[in-house]
Each structure stands twice: as C-alpha cells, then as structure tokens.
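Below are the chains, spelled out letter by letter.
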Amino acid sequence: MTLPEVQNAISEKKICILIPTYNNEKTLKRVIDGVLNYTENIIVVNDGSTDSTPQILLSYSRITVISLPENKGKGNGLKIGFRKAKELGYHYAVTIDSDGQHYPDDIPVFVEALLKEKEDVLLIGNRNMSQDGIPKKSSFGNRFSNFWFWFETGIKLEDTQSGYRLYPLLRIPKKYFTPKFEFEIEIIVRTAWRHVPVKNVPIKVLYDPAERVSHFRPFKDFTRISILNTILVTITLLYIIPRNFVNNFKKKSFKRFIKEDVLESDGSNRTKAFSIALGVFIGLSPFWGFHTLLVISLSVLFKLNKVLAFIASNVSLPPFIPFVIAASLFLGSPFVHGESNILSSELNFELIKNNLLQYVIGSAILATTMSAVCGITTFLFLNKLNPENN
C-alpha cells in the first residue's frame, strides 16, 4: 500500500494508534515521530513516568495525551486508552510499545491485514523470536504463552506476547480483572471467547539493550500470569467448552450434529474409539464434580476427540447414578471383609461413605470394564462404516 492509501484507510476505518509509556525517555520521541508519518490519530498514556517523558510530550500539540499521576501497570494504561479511544469515536486501536522494539513502519501491515478481513479481527504482531539478539527468556515465555492460549481458545498462534496489536474496540470486553502485563493475555483470550478471530501478522522487532527499558519483573509477573492462566483454564474447561458444545448442538439438527461433529470429526476410528473409552472411564470413576475437567484435560493431553469424550463421560448423568452406585458396590463387595448388604439399603452417598473402599474398588472395575467394552464396540462399529479411516 502507498502512504496515501494507508492514511486514507486509517481515516475510513477509524483507527487510532495507542502508545502506553512509562519511563521510556530514550525511545518515546522516535516512536511518536515514526507514527506521525502515518497519522495524527495518536493517544499516549503516560503511566506516571518519573523521567523526562512529560517534557517530551509537551512538544506534541496534535496528539491526545493522558497523564496518570502514578504508575499502575501497562494493563491499566491500555484500559484507560481504550476507553478514551471509544469516546473519540475510534473503532480500532493499534497498540505499539514505546520502548523502541516496534517499528512504526509496520503500521501498514496491520491496516492492510484489516482491510482483507470480512469481519472484526484482533491482530497480533508476529515477531521473529529466533533471530539474533532475542533473549532466551523472552522466547521461552512466548512459547509458554502460545501453548496456554491454544489450550484456552483452540487457536494456534506463533506469537501471543507481542504488544504490537490491532484491537477491534467494539468487540473487546468492557470490564477486565487484571491491571499489569497479564492484561494482554486476558484480553486476547476473552476476546477469542467472544468468537472474534485472533490472528498473527508479520512484524519486525528490535532488541537494543542500550535503549530498551523493560519493566517486566520475572518472578512477580510470571507468577501473576501463571495464576491468570490457571483461572482461564478452569473457566475454559468448566464453562467455555461446554458452552460451545451446547451452542454447536443447538445450531444443527441432531442428525447433522452426529454426522459432522461425531462421525466425520477429526481423527481416525481408533482415536474416536479411545475418546469414547476415556469418556466412559472418567464418567464411571468416583471423581464427582470433576468429570468435565478431567475428560477435557486428558483429551487435550492425549490429542483425542474432545466432543466424543465429553459425550461419553455423561454416562453418569443423575438418572443413571443409582445404577452406577449399585454396580460399583456390587463389584467391589468380593474384595472387602465383612458384609455390606446393598440390596436392602437405600442407594445414596451415605451408603458410599460407609462402604468407601468397596465402592472405590468396584467403580474402578466397572469403569475399566465398561471403558474397554465401549471402546472396542465403537471401533468395530466405526470400522464397519468407514474401514479406510484407521
């Protein structure tokens, strides 16, 4: 794209450039001047800088400057910047770090990528993390972040930590729960949960130790990020995946759902059979309250079919629970001393409590046996329908 085309697109698409900054006096002016080559739609959030940042910003009368009295973290600065951008009528915000690692001349990359999309999209700059000069801890942290983002959203990206991004302001969440570096993880995960595509675009990156000032605190910030990912994974397993499953089911007829999401879903007949076997095993195991968490986690770990495993795990739905309890106690009775006449007792959790060892042994036998039976039966059935998919 030519410079006039980029400038026109920025205006027509209502794009602003958001620059959060904290004590980056060495590089801030260069970043702002570079952005001004493309647009004056600039919002700088001075997050309580104590260096010469306020004086630098005084020389720019054509841009919007928000000065915060004290530093409260990058996430807080971005939230304030997003709010201001929407107040000014912008629909998109390109965020660029002020520490000099991002090149303003990559702005056209985001603009051109946005113009190619038919719907709102969140774009993240994809840095070449294998190039010389990239700190190993940054490369490891990015791989770590990529894995959890994929686990939480199902979207595979090569770079989820770059701060060079384009946000669809009208589609991102309105409220957030994190104020610092972990905010950039929260917002992309929760935006993806709102069914907004999240994609990478290629950008350049510069790591100059003589100029770059990093405010990332390895222990504290990594701990905060780990806690956030733990919460996001829990929400994913207990709410997002079941929600998406139910929504997909509602959108299709039962016949179409079985055909597309079950019979013709990804994976060989063997993988599908193992998925059902896993679901049955977990569903009949004594892990009450954790069935969904376990079955989805293990499906992801062993690369099985999550839909089939989830369906099969519902073998222990409430109407079937009395039968599961009775069968488990019956199968476990030969392996414990004493008598436990379950036939004359009321089947409830009090009975399980009084015969816990018997129940645990019996449920293990029941889960293993039924898992094997269902897995083998499924494999034979699918193999008969589609023998080539092995």
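Residue indices follow the written sequence of each chain, beginning from 1 at its first position. Local features in this predicted model are restricted to residues whose pLDDT is 70 or higher, and side-chain atom pairs enter the listing and the counts only when it is 80 or higher, whereas totals over whole chains, interfaces and linings include all residues. No hydrogens and no water enter the side-chain calculation; it runs on all heavy atoms of the structure.

From N to C terminus, the protein chain includes 15 helices and seven strands. Only protein chains enter the accessibility calculation, which uses a 1.4 Å probe. A residue is then buried if its area is under 20% of the maximum for its type, exposed if over 50%, and partly exposed in between. Considering the protein chain as a whole, with its 390 residues, one finds that 47% of them fall into the buried category. Taking all contacts inside the protein chain whose residues are at least 6 apart in sequence as the whole, residues at least 24 apart take part in 74%. Accessible surface, the protein chain as shown: approximately 20,500 Å² in total, 60% of it carbon and sulfur. Under the scheme used here, helices are H or I runs from DSSP no shorter than 4 residues and strands are E runs no shorter than 2 residues, and both carry numbers assigned from the N terminus. Contact criterion: two residues are considered in contact whenever any of their non-hydrogen atoms come within 4.5 Å of each other. We get accessible surface area from the Shrake-Rupley algorithm with a probe of 1.4 Å; when it comes to residues, only the shown protein chains can shield them.

The subject of this paragraph is the environment of Thr377. Mapping Thr377 onto the fold places it in helix H15 (residues 356-385). The sequence separation of Thr377 and Ala277 amounts to 100 residues, and the corresponding C-alpha distance is 9.7 Å. The term polar contact refers here to a pair of N or O atoms within 3.5 Å; inside protein, the definition further demands a hydrogen-donor-capable atom paired with an acceptor-capable atom, and it admits residues adjacent in sequence only when both atoms are side-chain atoms. A distance of 2.7 Å separates a polar atom in the side chain of Thr377 from the backbone oxygen of Val373.

Like-charged residues within 9 Å of one another, or nonpolar side chains (Val, Leu, Ile, Met, Phe, Trp, Tyr) within 5 Å, are grouped into patches, provided each residue has over 30% relative accessible area and no salt bridge. The salt bridge definition used is simple: a Lys or Arg side-chain nitrogen within 4 Å of an Asp or Glu carboxyl oxygen. When charges are tallied, Lys and Arg are placed among the positive residues and Asp and Glu among the negative ones, while His and the ends of the chain are skipped. One atom stands in for each charge, and that atom is NZ of Lys, CZ of Arg, CG of Asp or CD of Glu. A cluster of basic residues, Arg83, Lys86, Lys174 and Arg194, forms a positive patch at the surface. For Arg194, the position within the fold is in the loop between helix H7 (183-193) and strand E7 (198-202). Look at Arg194 and you get partly exposed, because its relative accessible area is 40%.

Right, let's get into a nonpolar patch on the surface. A contiguous nonpolar patch, built from Ile227, Ile231, Ile235, Leu238 and Tyr239 and spanning about 480 Å² of accessible area, is present on the exposed surface. Counting through the fold element by element, Leu238 comes out in helix H8 (residues 218-251).

Once that is clear, we can look at the packing of helix H10 (residues 269-284) against helix H12 (residues 306-313). Every axis in this analysis is a line fitted to C-alpha atoms, fitted for helices over the stretch in contact. Angles between the N-to-C directions lie between 0 and 180 degrees. Interaxial distance between H10 and H12 falls to 7 Å at its minimum, and their mutual angle equals 35°. The chirality of how H10 crosses H12 is right-handed. Contacts between H10 and H12 involve Lys272, Ser275, Ile276, Gly279, Val280 and Gly283 from the former and Leu308, Ala309, Ala312 and Ser313 from the latter. For this classification, Asp, Glu, Lys and Arg are treated as charged, while Ala, Val, Leu, Ile, Met, Phe, Trp, Tyr, Cys and Pro are nonpolar and the rest, including Gly, are polar. Across the contact of H10 with H12, the residue classes tally to five nonpolar, four polar and one charged. The handedness criterion is simple: a crossing whose near helix is rotated anticlockwise from the far helix by less than a right angle is left-handed, and one whose near helix is rotated clockwise is right-handed.

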